[in-house]
Amino acid sequence: SAVISQKPSRDICQRGTSLTIQCQVDSQVTMMFWYRQQPGQSLTLIATANQGSEATYESGFVIDKFPISRPNLTFSTLTVSNMSPEDSSIYLCSVIMAGVYNEQFFGPGTRLTVL
Amino acid sequence: GIQVEQSPPDLILQEGANSTLRCNFSDSVNNLQWFHQNPWGQLINLFYIPSGTKQNGRLSATTVATERYSLLYISSSQTTDSGVYFCAVVTSGTYKYIFGTGTRLKVLA
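Residues numbered from 1 in each chain as written. Chains lettered and ligands numbered in written order. Predicted model: local features only at pLDDT ≥ 70, side-chain atom pairs only at ≥ 80, totals over all residues. Heavy atoms only, no water.

J.: Can you break down the layout of surface pockets residue by residue, with the values?
T.: In this structure, the largest pocket spans a volume of roughly 460 Å³. If you go around the largest pocket, you meet 27 residues; those closest to its centre are A:Q37, A:G40, B:Q37, B:V84 and B:R104. Listing elements by their share of the lining of the largest pocket, those giving two or more residues are β9 (89-97) and β11 (110-114) of chain A together with β9 (83-91) and β11 (103-108) of chain B. In terms of residue class, the lining of the largest pocket is made up of 8 nonpolar, 16 polar and 3 charged. If you add up the space inside the second largest pocket, you get close to 190 Å³. What lines the second largest pocket is A:Y35, A:L43, A:T44, A:L45, A:E58, A:S59, B:Y97, B:I98 and B:F99. At the level of elements, β5 (43-49) of chain A together with β10 (98-99) of chain B are the ones that each hand at least two residues to the lining of the second largest pocket. By residue number, the principal contributor to the lining of the second largest pocket is β5(A), which donates 3 residues. Each residue belonging to the lining of the second largest pocket can be placed in one class, and the counts come to 6 nonpolar, 2 polar and 1 charged. (1 Å grid on protein atoms, 1.4 Å probe; cavity = no way out; pocket = protein on both sides within 12 Å on 5 of 7 lines; lining within 4 Å. Points joined across faces, edges and corners; volume = space filled by probe spheres on them. Helix = DSSP H or I, 4+ residues; strand = E, 2+ residues; numbered from the N terminus. Nonpolar A, V, L, I, M, F, W, Y, C, P; charged D, E, K, R; others polar.)

J.: Give a description of the sheet that holds strand β1 (residues 4-7) of chain B that names residues and reports values.
T.: Residues and elements named next belong to chain B. Read across the open sheet, the 5 strands follow the order β1-β3-β8-β7-β6; overall the sheet is antiparallel. Where the open sheet ends on each side, the last strands, each with one partner, are β1 and β6 (52-56). Strand-to-strand twist across the sheet, computed as the mean angle between neighbouring axes with direction ignored, equals 15°. Note that strand β7 (residues 59-64) and strand β8 (residues 69-74) share 6 bridges and pair antiparallel. (Pairing = 2+ DSSP bridges. Axes fitted to C-alpha atoms, helices over the stretch in contact; angles between N-to-C directions.)

J.: Quick one: what's the story with unusual backbone geometry, residue by residue and with numbers?
T.: A cis geometry characterises the amide bond from A:K7 onward to A:P8, with omega recorded as -5°. Along the chain, the position of A:P8 falls in the loop between β1 (4-7) and β2 (10-13). Following B:S7, the chain continues into B:P8 via a peptide bond in cis, with omega recorded as -10°. The phi angle at A:N82 is positive, at roughly 45°, despite the residue not being glycine. Mapped onto the elements, A:N82 comes out in the loop between β8 (75-80) and β9.

J.: I'd like to hear about the state of the cysteines, residue by residue, with values.
T.: Counted by the stated rule, this structure contains 2 disulfides over all chains. A disulfide bridge connects A:C23 with A:C93, and the sulfur atoms are separated by 2.0 Å. Residues A:C23 and A:C93 are joined by a disulfide whose S-S torsion is about 65°; by sign, that bridge is right-handed. Separated by 70 residues along the polypeptide, A:C23 in strand β3 (residues 19-25) and A:C93 in strand β9 bring together distant segments of the chain. The exposure class of A:C23 is buried, given its relative accessible area of 0%. Here A:C93 falls in the buried class, since its relative accessible area comes to 1%. Between the sulfur atoms of B:C23 and its disulfide partner B:C87 the distance amounts to 2.1 Å. Classification of the bridge connecting B:C23 and B:C87 rests on its S-S torsion, roughly 75°, and on that basis the disulfide is right-handed. (Disulfide = S-S within 2.5 Å. Buried < 20%, exposed > 50% of the residue type's maximum accessible area, 1.4 Å probe, protein only.)

J.: Explain the sheet that holds β1(A) residue by residue, including any values.
T.: Residue and element names in this part refer to chain A. Strand order across the open sheet formed by 4 strands is β1-β3-β8-β7, with antiparallel pairing between neighbours. Of all strands in the sheet, those with a lone pairing partner are β1 and β7 (68-72), marking the two edges. The mean angle between the axes of side-by-side strands here comes to 15°, regardless of whether they run parallel or antiparallel.

J.: Which residues make up the packing of aromatic side chains, and what are the values?
T.: Applying the stated criterion to the full structure yields 8 aromatic pairs over all chains. An angle of 90° between the planes, with centres 5.4 Å apart, marks the rings of A:F106 and B:F35 as edge-to-face. Of this pair, A:F106 sits in strand β10 (residues 104-106) while B:F35 is found in strand β4 (residues 29-37), placing the two residues in two different chains. B:F35 gets classed as buried once you look at its relative accessible area, which sits at 0%. Here B:F35 and B:F99 contribute two aromatic rings whose centre-to-centre distance is 5.5 Å and whose plane-to-plane angle is 25°, an arrangement assigned as stacked. In this pair, B:F35 sits in strand β4 while B:F99 sits in strand β10, placing the two residues 64 residues apart along the sequence. (Phe/Tyr/Trp six-rings, centres within 6.5 Å; stacked < 30°, edge-to-face > 60°.)

Everything listed here is a matter of coordinates, which is why it stays silent on function.
Following this line, the structure appears as structure tokens:
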């Protein structure tokens, strides 16, 4: 499996500000995803990060609130914009490795608290 | 969309006990994984098991895709097994994993 890192690992932010989360993988991957896990809940897919083009968002998530970039095969960012306390969650990136058929691996997550 | 239900939602065990966690899904799936989320939030891959049976140490899993369920067995549980267990599935024609509701396990010393 790949080594997946996320930065920052945690942050405390003020209402109305934005935070950009980075996800870096140490080898090439075919697909990258971003998930949100609200306190005490399961994981919900936000979007698929597409290399060099706009991300594909799931129902209930919009680009203005969660802009995503993926400039190359191993790196992606998720921005949480104009934050409110309801955005307090763990945000996780995940990947499907090239040559590893459809098994998904997760980064360590970013624990976000919005005051 | 597909519904993925896990049972039981919560489970408390004494160290050394065995347990069975269940994942039911409402539609046919191409892929299924089991994960353990430790108390620090890290998701750890346990099994990639779209069908059949696999074993890894004290853990084993069985997926019966035709009957739309999967089981995770934990034997001789240890306190380090505590955390939340998720199954996640991919349905035909997509590549996206949909997560189940989770089972929160606490193992007491």
